[in-house]
Each structure stands twice: as structure tokens, then as C-alpha cells.
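Spelled out, the chains give:
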Amino acid sequence: MVILFVVIGILVVLALWLIGVYNNLVTLKKRVENAWSQIDVQLKRRHDLIPNLVNSVKGYMKFEQETLDKVIQARAKAVSAQGVGDKIKAEQELGGALGRLLAIAENYPDLKANTNVSQLMEELTTTENKISYARQFFNDSATKFNTKIEIFPNNVIVGFFGGKFESFPLFEVTEAERGTPNVDLNF
Amino acid sequence: MMVFLVMMIAFGLIIDLVFGILPIFTLVFLAIASIQTLVSLTSGKEIVLRSVKARELKANDPEERQLKNIVDELSIAAGMGKPPEVYVIDDDSVINAFATGRKQEDSVICVTSGLLKNLDREETSGVIGHELSHIVNRDILLMTLISALLGAVVIVQLLAFRALITYLRFGAIGAATRSRRSSKKNDNSALAIIAFLAAVAGLGALFSFIGRLSLLAVSRTREYFADARAVELTRNPSGLANALRKIVTSSAKLQTANVATAHLFISDPLKRGINNRTSFFASLWSTHPPIAMRISILENKTLTEIEAELSDYI
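Residues numbered from 1 in each chain as written. Chains lettered and ligands numbered in written order. Predicted model: local features only at pLDDT ≥ 70, side-chain atom pairs only at ≥ 80, totals over all residues. Heavy atoms only, no water.

Draft legend 1. Up close: the pattern of salt bridges. Residues and elements named next belong to chain B. All chains considered together, the criterion is met by 23 salt bridges over all chains. Between Lys246 and Glu123 there is a salt bridge, with its nearest N and O atoms 3.0 Å apart. In this pair, Lys246 sits in helix H8 (residues 237-250) while Glu123 sits in helix H5 (residues 121-136), placing the two residues 123 residues apart along the sequence. Taking the shortest distance from any N to any O, the salt bridge between Arg245 and Glu299 comes out at 2.9 Å. Taken as a pair, Arg245 in helix H8 and Glu299 in helix H10 (residues 291-299) lie far apart in primary sequence, 54 residues in all. Classification of Arg245 by relative accessible area gives buried; the value is 15%. (Salt bridge = Lys/Arg side-chain N within 4 Å of Asp/Glu carboxyl O. Helix = DSSP H or I, 4+ residues; strand = E, 2+ residues; numbered from the N terminus. Buried < 20%, exposed > 50% of the residue type's maximum accessible area, 1.4 Å probe, protein only.)

Draft legend 2. Here's a closer look at the packing of helix H5 (residues 115-150) of chain A against helix H3 (residues 62-77) of chain B. H3(B) packs onto H5(A) with a crossing angle of 15 degrees between their chain directions and a minimal axis gap of 8 Å. Comparing the axis directions of H5(A) and H3(B) gives the class roughly parallel. As H5(A) packs across H3(B), the resulting crossing turns out to be right-handed. Where H5(A) abuts H3(B), its residues Glu122(A), Glu123(A), Thr126(A), Asn129(A), Lys130(A), Tyr133(A), Ala134(A), Gln136(A) and Phe137(A) lie against Arg65(B), Gln66(B), Asn69(B), Asp72(B), Glu73(B), Leu74(B), Ile76(B) and Ala77(B). Of the residues that constitute the contact of H5(A) with H3(B), the class distribution is six nonpolar, five polar and six charged. (Axes fitted to C-alpha atoms, helices over the stretch in contact; angles between N-to-C directions. Parallel < 35°, antiparallel > 145°, perpendicular 65-115°, else oblique. Left-handed = near helix turned anticlockwise from the far one by under 90°. Contact = heavy atoms within 4.5 Å. Nonpolar A, V, L, I, M, F, W, Y, C, P; charged D, E, K, R; others polar.)

Draft legend 3. How the structure looks around the interface of chain A and chain B. Listed as interface residues are 13 residues of chain A and, on the opposing side, 15 residues of chain B. The contact between chain A and chain B buries some 1,200 Å² in all, and 48% of this surface belongs to carbon and sulfur atoms. Considering only the side of chain A, the residues that lose the most area to chain B are Glu122(A), Tyr133(A) and Gln136(A), jointly responsible for 43% of the buried surface there. Taken together, chain A and chain B are joined by three salt bridges. A salt bridge links Arg65(B) to Glu123(A), with the shortest nitrogen-to-oxygen separation between them at 3.1 Å. The interface formed by chain A and chain B holds 10 residue pairs in polar contact (both at pLDDT 80 or more) in total. Elements with a minimum of two residues in the side of chain A that touches chain B: helix H1 (2-57) and H5 of chain A. Ranked by residues supplied to the side of chain A that touches chain B, first place goes to H5(A) with 11 residues. Of the residues belonging to the side of chain A that touches chain B, the class tally is three nonpolar, six polar and four charged. (Buried area = accessible area lost by both parts, 1.4 Å probe. Polar contact = N/O pair within 3.5 Å; in protein donor to acceptor, adjacent residues only side chain to side chain.)

Draft legend 4. Spotlight on the UniProt feature "transmembrane region" (unreviewed entry) in chain A. Mapped onto this structure's residue numbering, the UniProt feature "transmembrane region" (unreviewed entry) falls at residues 6-25 of chain A. Secondary structure within residues 6-25 of chain A divides into 100% helix and 0% strand; the distance between the first and last C-alpha atoms comes to 29 Å. (UniProt positions renumbered as here; feature names shortened; annotations may be inferred.)

Draft legend 5. Main features of the confidence of the model for chain A. Residues and elements named next belong to chain A. On average, residues of chain A carry a pLDDT of 81, and 91% of them reach 70 or more. Ranking the helices and strands of chain A by mean pLDDT puts H1 first, with 88, and helix H7 (residues 175-178) last, with 52. Every residue in residues 179-187 scores below 50 in pLDDT, and together they form zero contacts with partners more than four places removed in sequence or on other chains. (pLDDT = per-residue confidence, 0-100.)

Given below as C-alpha cells:
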């Protein structure tokens, strides 16, 4: 009799623990997915802002036609990109082109004095920051999730559920971003 | 919240059990605790914002627009669903900020206009990161609850003390006139009441003293913790460190802040000297850790280095 109770007790505790682990994993997974959709929202916003910005700075930056063209092309590519791999690559290119544009704009005092343009610049800066913060949050929560499903004994439980819990890929710094920028100081 | 109620009831129960008058004090404490909790939780935010004369953000001002953007950015970094509301205190001579609100969903971040004018984007991000982590860690709720508990204890202590004084003044006269008829039983009950009231007042004083010290200790550790979280969010320790530097070197005292709200701010708005000393006794009584210490942790330098650098100001 006593042994039966002990066995039942152990089973109940085990079941409760299983439920706890499962729910925890589901919560973490949802958080990662939500982080992913946040990135999408910000990318969409970036695409919407670019045409306005390019139109307002065109007049001031006649000598930077090449940079502006690159931004417009990169945007077109990013909007039409299909599939995750292509999308990530196109967005990275767009990010690089925008970064250059924002850096060059610093050299044009007239441009910064124009309230309309400076507002757009601020909006673009904040969108760029939001994208990188959203990625950062995605990476942080995905790492947490990936660790959780791999440590023992969680990995055994994950095995029961087949493909429900799979580790997320992380954003990594590309070769282009990793390289130090060339700064030419020979005026 | 439950913890607070349970603690208040337990406090009442102890008194009741000691003196064997079971339901009275437990009920009194329950009532006080409920009222205090309700008041502090529902109106804390509005009261604080009104007391520091804060106003809502102006969306068309470029600097305030940028502030709003920074708050939104870091809310994403912290994984908050809805970014907190932003308020501004119009005082160009002060660089300071605080966060308040009981839940993540209706929290508030408030900065001075001096902060907007004097700090650049990076530095402001550091400060906002610090305030956001107060919100995410629910520090404000914790602090509000401790102060509400303290408030309730102080009220009880004052009531008991008042009653004791009144009883000694009038009760003693009454006892003296009655003692001609000399009834020993009467004397005993008078002594018991005096002892009881004295015990309540004494206990209350002790509780509020210990409570105050622990509130300060919690406040200080939470500041360090929020600094660390700010760096985790912005991945940029120099932003916050430079912001703290500017606060030390060029911020004036905030006129609208007071002792009750001082602990909410990122750095002591009253600029009390005690908050910059590092001795054991000073650190027991300060609401904020010394800024030099915070900068030295953020920049991984020794305390003496930073103190030497800022020696003109602290």
C-alpha cells in the first residue's frame, strides 16, 4: 500500500515537472517567433521611409547620385526578394547602402539644417536602431531557447515531441560588416 | 501585493496574540493595508508626475521626437510589448530621469528638458536603458510596496504614540482622583494599557527604522542592477557612463523633487552629499550608490581614478 502511494506520488511529481518544462519551452518559442515578426515590422517601415528620404535629399546631394542610386536599387531588391535567404542578403545590402548615405549626409550642413530632412534622417536612424535591437532581442531569446532544448534532461523531453521544438538560426555579422571600414584621411 | 497584505495581517496578529485581544488589531491592520495598497497602486503614477510638474511629450519637437524614438527602440531591445509613456519636466538646468508605474503596460518614463539638451543620442539611450530595466525588473512596484508598508507602520506608530500621550495626561489624572477610593484592580489595568500602547509605538518605531534601512539598501542594489541591464540592452557602457559624468558635472538640483520621490531618479535629484560618500555609514543611509563608483564599474576602472577625475564636483 505504502509503496503504491510512493509510486503514485513520484509519477505525479514527474508529470507536473514534464508539464512545467513543456510550457516553459512553448513560452520561449512564442517569444522567439514574436521577436522574429518584430524584425519584419521594422524592415517594412524601412522600405516605406526610403523613397521619401531619397526624394527630399536629392536636391542637396547632387554629387552623391551614385550613393542614392545604390540605396534605391537595394531597396527594390529587398522589397521583391523571395525566401528567407535572399531576403536576409538583400536587407543586409540595403542596410549597408543606408549606412553610407547617413554617414555622407553628415558632410552636408544644409541638409541637416532642413527640418524636413533631419526629421526623416532621425526616423531612418531610429528604424535602423530598431532593426538591430530587434535582431539583438531575437538572438538573445533564440539563444536562450536553443540552450534550453539542448541541455539535459530537456533534450530527452524534446525528443518525445519530434519536430515541435527545433533550434532557431541566429543572425550573424556578415563578412562585409565585420571588416573595418576604410577611412581615407588624405585630404 | 499579497505579501504586503499578509505581512500587515501578521503584524496585527502578533500584537493581538501578545495581548490576547484577537480580532481587533488584525482587522485594523487589514483595513489600513488595503487602503494603502489601493491608494499607492492606483494613483502613485499620477501623484508622482504631478508632484514633479511633468508634462506630456510634444511630438512635433525634434528633440522630444528623438526621445520617443529612443524609448521605442529600447523597448524592442527589452522585449516589451508596449513602450512606456514619456513625460518631460521643463527644467533646462537639470539632467535627470525617472521611471514609475506599477505594471509594464502602464509605466512612465520621465526626463528633464536639460537631459534632452545636454545629452547626445548614445548617452540618452544609456539613461533610457537604465530606466527601462527598472520597469522590466518591476523595481518600481517593489519600491512602492515597501514605502506603502513603511507608511502604514508609521501611521500605526503615530496613533499609538498619540494615544499613549493622551492616556498619560488624562488617564493619570483620572486615576489619581479615583485612587482615593483606592482600587488596586484599576491601577493594574491602567498600567497594562500604557504598556500595550508603549509596546505598539516601540515596535512600530523599530519596524519603520529597519524598513527604512532596507528600503535604502534595496534602492541602491537596484540602481547597480539597472546600470548593468542598461549596458546589456544598449551594448554600450560608455553611453551611460558619459551620461552619469554629465549629471555630476553639470546638473543642478531639481526644485520639484522631494525626499519622497528622490529614490525614483537615476541619480539623486536633491544632490545630497551623502550619496557620493563611500564610507560604511554613509552608504547605509544613501538612496543611490556613489556616481563615481557606478562610472568606475561601467568603465572597468578603479574608483580612485574616477574620483580624481571628478574631484572638483564631488
